[in-house]
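Structural description and commentary
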Amino acid sequence: PSQHSTRLRGLFGVLALLLPLLITSCSPKTTTPQSRLWQGFITRYNTLYHAHEAYAEGYEGLLSSIQDDYTRPLDPLVDDLAEGQERATFVRTLAKTRKAIAEHSMTRKPAKKSGWRHDPKAVALQAKTEYNPALSDAWLLTTRALFYSGKLEEARLTAEGILLRYATELEVREEARLWAVRSLIHLGRLGEAEELIRLFPQGAATDRLRRSYLYSVTMAELQLAEGRWEDVLPALRDAAVRAREKKQRARLHFLLGQIYLRLGRSSEAEGAFLRSSQLADEPALELAGRLRALQLRGDSRSAQSMLRRLGQMRRYRGQQDQIFLALGQSFLGSRQTALAETSLQRAIDSARQHTTAW
């Protein structure tokens, strides 16, 4: 036992001597393979972990707080951003990401070895301006948090700063470009957004981003803002498939139905509305899709019978104004004026807080 304790004391003594050297060699003020590995590790699994937790919590809370009428833009969280209504939802996220950047940024160039100019990897390493491998995530998360906070101009400036800071890292740079484009769209600066998206590179290096929800939703938002209804369909279909949240996929199919309807493509509109109602996990959206699909069917009698049954279901008690409005419109379409009047009056009576149906 005495020998064992003597060895332990010796080991701890050696560690106590080595620890300052290890800390110094892994400091963000020096750029070595060891310091990059260490700084990336503690950034990703300490500060950034908590930043992502705060962001997810804020995003989900904001999404669940929205009373959606399913006629909003692609992303329900950006509906009022153009009006400059800043939100405090992502304050904790921004505090964490900014702390990570302030404490763990590594900008000092690594030491050059003899003949480094003949080594493409060494040349690429010297061209970088940030050497902490986790900080690109911090910068992009900062941009997203600013965007959803309603600080659109600050989000744009941060994203365009990433274009310069990560000029040698294609995927980071082009993801930032997409956030800059989205910010410009919601600032109403469509010409600048168009110019920036034209610079998005072609080729295999950006294929992953082109297959992402972010790319699809950015292109769809730009085309919708410009009123290019036919052009928006491919990007919107892609976004509806790629959205992670089931609720968002349902919303996007609903929006697809609205655009098909605008273009006079009734059969495709009915299919999109039905798909929306199948995906929906809340009564309001499920009913909205079913109502519009019913309205597009040529058989008015079966549609009216279905609407009457829906009006009696407890599940849709909160949406009775919409059901009776749709029923009234169906009766008007088949020239059953008295029944239409009764249904429309019931829609008015059941409407709460002067809803769209009212």
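Before reading further, recall that the structure is shown in the block above.
An account of the accompanying structure is given in this report. Being a predicted model, the structure only gives us computed values, none of them experimental.

**Comments concerning the overall build of the protein**
- Tallying secondary structure elements over the protein gives 17 helices and 0 strands in all.
- By residue count, 45% of the 358 residues in the protein fall in the buried class.
- For the protein, the share of sequence-separated contacts (at least 6 apart) that also reach a separation of at least 24 residues comes to 61%.
- For the protein, the exposed area adds up to about 19,400 Å²; of that, 54% sits on carbon and sulfur atoms.

**Re the environment of Met306**
- Assignment of secondary structure puts Met306 in helix 15 (residues 300-311).
- C-alpha of Met306 to C-alpha of Leu327: the two residues are 21 residues apart in sequence and 9.4 Å apart in space.

**So, the packing of aromatic side chains**
- By the definition in use, this model includes 11 aromatic pairs.
- Look at Phe90 and Tyr148: their rings are 6.5 Å apart centre to centre, the planes differ by 40 degrees, and that puts the pair in the tilted class. Placement of Phe90 in the loop between helix 2 (33-65) and helix 3 (91-104) and of Tyr148 in helix 5 (residues 135-148) is noted, with a sequence separation of 58 residues between them. Across the pair, exposure class does not vary: Phe90 and Tyr148 are buried alike.
- Feature note: the residues Tyr55, Tyr59, Phe90, Phe147, Tyr148 and Trp179 constitute an aromatic cluster, connected by ring pairs.
- The aromatic ring of Tyr55 is capped on one face by Arg144, whose charged end is 4.9 Å from the ring centroid.
- Over the ring of Trp229 we find Arg262, and its NZ or CZ is 4.0 Å from the ring centre.

**With respect to the nonpolar core**
- The biggest cluster of nonpolar side chains holds 72 residues, and the ones touching the most others in it are Leu74 and Tyr148.
- Take this core: its biggest share by element is 9 residues, from helix 5.
- Excluding residues that lie within four positions of it along the chain, Leu74 makes contacts with Val217, Ala220, Glu221, Leu224, Leu236, Gln248, Arg251, Leu252 and Leu255.
- Formed by 14 residues, the second largest nonpolar core is a distinct cluster that contains Leu307, Tyr316, Ala340 and Ala347.

**Remarks on helix 6 (residues 152-165)**
- The terminal C-alpha atoms of helix 6 lie 20 Å apart, and with 14 residues this matches the ideal 20 Å at 1.5 Å per residue to within 8%.
- Among all positions of helix 6, only Leu152, Ala155, Arg156, Thr158, Ala159, Ile162 and Leu163 are buried. One face of helix 6 carries all of its buried residues, which in axial projection span an arc of 165 degrees.
- Check the buried side of helix 6 and you find it contacts helix 5 and helix 7 (170-186).

**Considerations on the side chain of Gln223**
- Residue placement: Gln223 occurs in helix 10 (residues 213-225).
- Not counting the four nearest positions on each side in its chain, Gln223 is found in contact with Arg228, Asp231, Val232 and Ala235.

**Re the environment of Thr143**
- Its place among the elements puts Thr143 in helix 5.
- A C-alpha to C-alpha distance of 8.9 Å links Thr143 and Leu157, two positions 14 residues apart in sequence.
- Once residues within four sequence positions are removed from consideration, Thr143 is found in contact with Ala155, Thr158, Ala159, Ile162 and Trp179.

**Examining the pattern of salt bridges**
- Under the defined criterion, the tally for this structure stands at 18 salt bridges.
- The closest approach of N and O atoms between Arg92 and Glu57, which form a salt bridge, is 3.4 Å. Placement of the pair is Arg92 in helix 3 and Glu57 in helix 2, with a sequence separation of 35 residues.
- We classify Arg92 as partly exposed; its relative accessible area is 45%.
- You can call Glu57 exposed: its relative accessible area is 55%.
- Arg189 is the partner of Glu192 in a salt bridge, and the nearest nitrogen-oxygen pair spans 2.8 Å.
- When its relative accessible area of 40% is taken as the criterion, Glu192 is described as partly exposed.
- Residue Arg189 is classed as partly exposed on the basis of its relative accessible area, which comes to 25%.

**Topic: the packing of helix 13 (residues 266-279) against helix 14 (residues 283-296)**
- Relative to each other, helix 13 and helix 14 sit at 155 degrees, their axes nearing to 7 Å. Considered as vectors, helix 13 and helix 14 are oriented roughly antiparallel to each other. Of the two possible hands of crossing, helix 13 and helix 14 adopt the one that is left-handed. Here helix 13 contributes Ser266, Ala269, Glu270, Phe273, Leu274, Ser276 and Ser277 to the contact with helix 14, which in turn contributes Leu285, Glu286, Gly289, Arg290, Arg292, Ala293 and Leu296.
- Class assignment of the residues belonging to the contact of helix 13 with helix 14 gives a composition of 6 nonpolar, 4 polar and 4 charged.

**Topic: a nonpolar patch on the surface**
- A surface patch of nonpolar side chains, about 380 Å² in accessible area, is lined by Trp38, Phe41 and Tyr45.
- Mapped onto the secondary structure, Phe41 falls in helix 2.

So, how was this worked out
- Residues numbered from 1 in each chain as written.
- Predicted model: local features only at pLDDT ≥ 70, side-chain atom pairs only at ≥ 80, totals over all residues.
- Heavy atoms only, no water.
- Helix = DSSP H or I, 4+ residues; strand = E, 2+ residues; numbered from the N terminus.
- Buried < 20%, exposed > 50% of the residue type's maximum accessible area, 1.4 Å probe, protein only.
- Contact = heavy atoms within 4.5 Å.
- Areas by Shrake-Rupley, 256 points an atom, 1.4 Å probe, with all protein chains shown as cover.
- Phe/Tyr/Trp six-rings, centres within 6.5 Å; stacked < 30°, edge-to-face > 60°.
- Lys NZ or Arg CZ within 6 Å of the ring centre and 35° of its normal.
- Core = buried A, V, L, I, M, F, W, Y, C linked by side-chain atoms within 4.5 Å.
- Expected span 1.5 Å × (residues − 1).
- Arc of directions from axis to C-beta.
- Salt bridge = Lys/Arg side-chain N within 4 Å of Asp/Glu carboxyl O.
- Axes fitted to C-alpha atoms, helices over the stretch in contact; angles between N-to-C directions.
- Parallel < 35°, antiparallel > 145°, perpendicular 65-115°, else oblique.
- Left-handed = near helix turned anticlockwise from the far one by under 90°.
- Nonpolar A, V, L, I, M, F, W, Y, C, P; charged D, E, K, R; others polar.
- Patch = residues over 30% accessible without salt bridge, like charges linked within 9 Å, V, L, I, M, F, W, Y side chains within 5 Å.

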